[in-house]
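# An overview of the molecular structure
Now for the letters of each chain:
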Amino acid sequence: MLSDREIAILEFERRWWLDTSAKNEHIRGEFGVDPVRYFQQLNRLIERPEALDFDPVLVRMLLRRRDEEL
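Residues numbered from 1 in each chain as written. Predicted model: local features only at pLDDT ≥ 70, side-chain atom pairs only at ≥ 80, totals over all residues. Heavy atoms only, no water.

## Observations regarding the confidence of the model for the protein
Of all residues in the protein, 93% attain a pLDDT of 70 or more, and the chain-wide mean is 92. Taken element by element, the protein is modelled with least confidence in helix H2 (residues 23-31), mean pLDDT 91, and with most confidence in helix H4 (residues 49-54), mean pLDDT 98. (pLDDT = per-residue confidence, 0-100. Helix = DSSP H or I, 4+ residues; strand = E, 2+ residues; numbered from the N terminus.)

This is how it looks when you write it as structure tokens:
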């Protein structure tokens, strides 16, 4: 089961995957963490089956984008 914060992270990613211009500032404002910490949390989250069940298209896209950056 996903927490409210985890759902909020996924919903945030739905809005920001195309426009990253001010994303870091929005991360700080919305989640109260620095971007490095946020992306650590996001990477752990997208590995979970519950996240894939919640939004398979988004999670697959995030996994693909992450893997391309490696």
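## A word on the environment of Ala51
The topology assignment puts Ala51 in helix H4. Considered as a pair, Ala51 and Met1 are 50 residues apart in the sequence and their alpha carbons are 8.7 Å apart. Other than its neighbours up to four places away in sequence, Ala51 contacts Leu2, Leu10, Leu45, Ile46 and Val59. (Contact = heavy atoms within 4.5 Å.)

## Focus on the packing of aromatic side chains
Evaluated as defined, the whole model comprises 5 aromatic pairs. Where Phe12 meets Phe31, the ring centres are 5.4 Å apart and the plane angle is 90°; that geometry is what we call edge-to-face. Placement of the pair is Phe12 in helix H1 (residues 4-16) and Phe31 in helix H2, with a sequence separation of 19 residues. Under the relative-accessibility criterion, Phe12 is labelled buried at 0%. Residue Phe31 is classed as buried on the basis of its relative accessible area, which comes to 9%. (Phe/Tyr/Trp six-rings, centres within 6.5 Å; stacked < 30°, edge-to-face > 60°. Buried < 20%, exposed > 50% of the residue type's maximum accessible area, 1.4 Å probe, protein only.)

## Things to note about the packing of H2 against helix H3 (residues 35-45)
The contact between H2 and H3 brings their axes to 9 Å, and the two run at 80°. Classified by the angle their axes make, H2 and H3 are roughly perpendicular. For the pair H2 and H3, contact is made by Lys23, Asn24, Ile27, Arg28 and Phe31 and by Pro35, Tyr38 and Phe39, respectively. Tallied by class, residues from the contact of H2 with H3 come to 5 nonpolar, 1 polar and 2 charged. (Axes fitted to C-alpha atoms, helices over the stretch in contact; angles between N-to-C directions. Parallel < 35°, antiparallel > 145°, perpendicular 65-115°, else oblique. Nonpolar A, V, L, I, M, F, W, Y, C, P; charged D, E, K, R; others polar.)

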